[in-house]
Amino acid sequence: MEIEFFTRLIAVDSGKLIVIAMIGAISSMMSNRCIAVFHDGLRPLIPEYIEGRMSRGVLLASSFALSFGLVIGFGLPFSLTAPIILVHSLLLGTDVIGIWCPNSRKGFIASGIVGALYGIALLVGLKSIVDLFAMMPVNFMSALSKVGDPIIVCFSLFPALVVAYQFGYRKGLFVLLATLIGYLATQSVGSLSFGGQLEKPVKLDPNGIALLFAMVVMFYFAMREKAPKLPEGAKGSNEMLVGIFSERIKRIQKNQWLLVLSGGLTAVAATMSMSLLAEGPVSLQLMAAGDANGALLVALARAISFIPLVATTAIATGVYSPDGMKFVFVAGLATNNYVIAFIAGCAIMFMEIKMLAGAAIWLDRYPGVKACGDHIRTAITKMLEVSLLVGGMMASNAILPGMGFMIVAGIYLLNRTSKRPLVEMAIGPIATIAVGILANLLYFVGLG
Amino acid sequence: MRFVIGGQIEKTKLAETVRRLAGDKATSVEIMGDIEAAMALKTGQADYYLGACNTGGGGALAMAIAIAGADKCITLGMPGKILSDDEISASVQAGKTAFGFTGQDIDAVVPVVIAAIFQRS
């Protein structure tokens, strides 16, 4: 049954191919013209190139160095477990493709073509690998999907961790308890029928509801932290930034139409019915498990956490992200209709760009929210490291009983001593794929 | 020697690591927002900037590059690659003052960079 589910998710229909080709093309073209790049670290290098302090060759080398490891060691392993494409696999690639194509009219068109081909290759390649894995004598595809099992329940814990990072262990523990009570309470209620008024009772998802409450508490704590009163005439740091870089903000606004289109298409790709792109490893696993509400809430929290980072890098560089602050993914998950998702995605991108400076200045008043954003990313990373390690050990052990545990733990611990370490949270999926391949090798030599 | 901690993630751990390694030689180790930290470095209120993020070059260094200049900045560790101890020392000798790396690289990179900084001064 699980295999059937995979086949449905990975089925390459022409709709998916067209959408991914278009997103690939537009993103590459925006990277080619230095309008938008996905990697937050590449954005600050773009003005160095535009203003002549860095050659295109050096920019290309830097973009490749920044992106290559992430695509191979982070984007692709997660894309394989679900299999839904983690957006990093696509857009880190288009960052490089755009810069690789020359800065000319021909280069602009070429970048669009190569970007479209890259998107198609990614989708078809992913399907081929999944098909190949499924053909092997020891089929580990269903076990591979187990890597994400702990995430599907652990994700609602991250607000407690965020509060603990920001306001201390005791408050974090309080939120953790509240989350657990919320989970139990929702579970005991089961479903709502409003006294029989609804024909189909609304089934409550305990994890989703618990997460929702925990997020409300998290943002309540974060909003309560007000900025210290500034002396007369003094400016907050973001307002200062907006002042210094006002010309660069105009550059983004001048180039808004490609960005708006890209936002609309990404929202379509992020709908549950298309399940083509996911914004992060957590919502990806939740989408794969069919939990649209959970995926929506996690995507929303992540998007809020990205406002400060994306806004400040965009303002300081005049370069935006093809997905903006990632709210377009929330739009896709909130609606299951391609047309509505497209319109909502376009509108969100348009508003993000219009309100860029305003949002940054507004954030000066709530330093707790900016700090909260940093903690959300730290907390989600930590939660993923634990969940995926445990998930990877369980999945690997289902493939190779006994040895599976040992191999994953071994790779995890040895990795910490390496000078070329794998991304820690990607070890679960990577090690499980390795164990699956090993199981097949053992089968061939007659040991399996 | 005055250190500022910018970047996006694991600021507390990073600051504690710097305090532990630098000891009395550090006059201050301050956690700041990435913009404030980059401003402090640019205006000379801080000597060195350290920051972490998930990629080592994104949130860790973005503001430092934009405000203090790319020539001051270097990524010491990124997913799949950590610079060798010699390369880290060489970058400090070459006058780099803002360092970025991933959260999981803190234990591998910070001791080397702090040692190199004190060797230089």
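Since the structure is predicted, the reported quantities are computational estimates derived from the model, not experimental observations.

Right, let's talk about the overall build of chain B for a bit. Secondary structure summary: chain B contains five helices and seven strands in total. Secondary structure elements of chain B, listed N to C terminal, follow the sequence β-α-β-α-β-α-β-β-β-α-β-α. Here chain B has a C-alpha radius of gyration of 12 Å; the compact-globule value for 121 residues is 14 Å, and the two agree. The proportion of buried residues among the 121 residues of chain B is 64%. Excluding contacts between residues fewer than 6 apart, the proportion of contacts in chain B whose partners are at least 24 apart in sequence is 72%. Total accessible area on chain B is roughly 4,300 Å²; 48% of this is exposed by carbon and sulfur atoms. Once the 11 positive and 13 negative side-chain charges of chain B are each reduced to a mean point, those two points are 4 Å apart.

Taken together, the contact pairs 29 residues of chain B with 33 residues of chain A. Between the two partners, chain B and chain A, sit four salt bridges. Here Lys-370 of chain A makes a salt bridge to Asp-34 of chain B, at a shortest N to O gap of 3.2 Å. The tally of links from chain B across to chain A stands at nine residue pairs in polar contact (both at pLDDT 80 or more). Of all elements in the fold, only helix H2 (34-42), helix H3 (62-68) and strand E6 (81-82) of chain B reach the threshold of two or more residues within the side of chain B that touches chain A. The element best represented in the side of chain B that touches chain A is H3 of chain B, accounting for five residues.

Next up on the list: the environment of Gln-45 of chain B. All names here are of chain B. Residue position: Gln-45 is located in the loop between H2 and strand E3 (48-53). Once the C-alpha coordinates of Gln-45 and Phe-99 are considered, the two residues, 54 residues apart in sequence, prove to be 17 Å apart. Those residues within four positions of Gln-45 in sequence are excluded, and the remaining contacts are Arg-2 and Ala-40.

Glancing now at the nonpolar core. Of all hydrophobic cores here, the largest spans 123 residues; its most connected members are Met-218, Leu-259, Leu-277, Val-282 and Tyr-320 of chain A. With 14 residues, the single largest contributor to this core is helix H16 (residues 292-317) of chain A. Apart from residues no more than four positions distant in its own chain, Leu-277 of chain A is found in contact with Ile-23, Ile-84, Ile-85, Val-87, Leu-90, Thr-266, Ala-269, Ala-270, Met-287 and Phe-329 of chain A. Ranked by size, the runner-up nonpolar core spans 29 residues in total, among them Ile-9, Ile-82, Leu-83 and Val-92 of chain B.

Next up on the list: the sheet that holds E3 of chain B. In a beta sheet, neighbouring strands pair by backbone hydrogen bonds and run either parallel or antiparallel. All names here are of chain B. Across the sheet, five strands lie side by side as E2-E1-E3-E7-E4; this open sheet has parallel pairing. Across the chains shown, the open sheet's two edge strands, defined by having one partner strand only, are strand E2 (28-31) and strand E4 (73-75). Across the sheet, the mean angle from the axis of one strand to that of its neighbour is 20 degrees, orientation sign disregarded. Bridge count for strand E1 (residues 2-5) against E2 is four bridges, and the pairing is parallel. Bridging across to E2, Val-4 finds its partner in Glu-30. Each of E1, E3 and strand E7 (98-102) is contacted by helix H5 (residues 106-120), which is oriented at about 165 degrees to E7, the strand it contacts most.

The next thing to look at is the confidence of the model for chain A. The predicted model of chain A averages 88 in pLDDT, with 94% of residues at 70 or higher. Ranking the elements of chain A by mean pLDDT puts helix H1 (residues 2-10) of chain A last with 56 and helix H5 (residues 87-100) of chain A first with 97.

What follows covers the side chain of Asp-364 of chain A. Note that Asp-364 of chain A resides in the loop between helix H19 (356-363) and helix H20 (367-399). One polar contact links the side chain of Asp-364 of chain A to the main-chain amide nitrogen of Glu-239 of chain A, over a distance of 2.9 Å.

Looking now at the pattern of salt bridges. When the charged atoms of two side chains lie near each other, side chains of opposite charge can form a pair. Residues and elements named next belong to chain A. Counting across every chain of the model gives 17 salt bridges over all chains. For Glu-247, the salt bridge identified is with Lys-250, shortest N-O distance 3.3 Å. Taken together, the residues span about one helical turn, with Glu-247 and Lys-250 both in helix H13 (residues 246-254) at a distance of three residues. Under the relative-accessibility criterion, Glu-247 is labelled exposed at 56%. Of the residues examined, Lys-250 reaches a relative accessible area of 48% and is grouped as partly exposed. In this structure, a network of salt bridges that share partners links the residues Glu-48, Glu-51, Arg-53 and Arg-248.

Backbone geometry places Cys-34 of chain A, a non-glycine residue, at a positive phi of 60 degrees. You will see that Glu-10 of chain B, though not glycine, has its phi angle at about 50 degrees, which is positive. On the secondary structure map, Glu-10 of chain B appears in the loop between E1 and helix H1 (11-22). You can call Glu-10 of chain B buried: its relative accessible area is 15%.

Applying the stated criterion across every chain yields a total of eleven aromatic pairs over all chains. When the ring of Phe-74 of chain A is compared with that of Phe-78 of chain A, the centres are 5.3 Å apart and the planes differ by 70 degrees; the resulting orientation is edge-to-face. Residue Phe-74 of chain A and its partner Phe-78 of chain A are located together in helix H4 (residues 56-81), separated by four residues, close to a single helical turn. Of the two residues examined, Phe-74 of chain A and Phe-78 of chain A, each falls in the buried class. An angle of 75 degrees between the planes, with centres 6.4 Å apart, marks the rings of Phe-3 of chain B and Phe-118 of chain B as edge-to-face. Highlighted residues: Phe-3 of chain B in strand E1 and Phe-118 of chain B in helix H5, separated in sequence by 115 residues.

A separate point is the side chain of Ser-321 of chain A. Secondary-structure assignment places Ser-321 of chain A in the loop between H16 and helix H17 (327-334). Here Ser-321 of chain A is in contact with Ala-36, Val-37, Phe-38, Arg-43, Leu-259 and Met-349 of chain A, once residues within four sequence places are set aside.

Residues and elements named next belong to chain A. Between H13 and H16, whose axes approach to 6 Å, the crossing angle comes to 100 degrees. One way to sum up the angle between H13 and H16 is to call them roughly perpendicular. Across the interface between the two elements, Arg-248, Ile-249 and Ile-252 from H13 touch Ala-314, Ile-315, Ala-316 and Thr-317 from H16. When the residues that make up the contact of H13 with H16 are grouped by side-chain class, the tally is five nonpolar, one polar and one charged.

Attention now goes to the confidence of the model for chain B. The share of residues in chain B with pLDDT of 70 or more is 100%, and the mean pLDDT across the chain is 90. On the interface metric, ipTM, the complex scores 0.80, and its pTM is 0.87.

Let us now look at H19 of chain A. All names here are of chain A. Taken together, the buried positions of H19 are occupied by Leu-356, Ala-357, Ala-360 and Leu-363. For H19, the angular spread of the buried residues around the axis is 125 degrees, confining them to a single face. Buried residues in H19 make contact with helix H12 (237-244), H13, H16, helix H18 (338-354) and H20.

Conventions adopted
Residues numbered from 1 in each chain as written. Chains lettered and ligands numbered in written order. Predicted model: local features only at pLDDT ≥ 70, side-chain atom pairs only at ≥ 80, totals over all residues. Heavy atoms only, no water. Helix = DSSP H or I, 4+ residues; strand = E, 2+ residues; numbered from the N terminus. Rg over C-alpha atoms; globule rule 2.2 N^0.38 Å. Buried < 20%, exposed > 50% of the residue type's maximum accessible area, 1.4 Å probe, protein only. Contact = heavy atoms within 4.5 Å. Areas by Shrake-Rupley, 256 points an atom, 1.4 Å probe, with all protein chains shown as cover. Lys, Arg positive; Asp, Glu negative; His and termini not counted. Charge placed at Lys NZ, Arg CZ, Asp CG, Glu CD. Salt bridge = Lys/Arg side-chain N within 4 Å of Asp/Glu carboxyl O. Polar contact = N/O pair within 3.5 Å; in protein donor to acceptor, adjacent residues only side chain to side chain. Core = buried A, V, L, I, M, F, W, Y, C linked by side-chain atoms within 4.5 Å. Pairing = 2+ DSSP bridges. Axes fitted to C-alpha atoms, helices over the stretch in contact; angles between N-to-C directions. pLDDT = per-residue confidence, 0-100. Phe/Tyr/Trp six-rings, centres within 6.5 Å; stacked < 30°, edge-to-face > 60°. Parallel < 35°, antiparallel > 145°, perpendicular 65-115°, else oblique. Nonpolar A, V, L, I, M, F, W, Y, C, P; charged D, E, K, R; others polar. Arc of directions from axis to C-beta.

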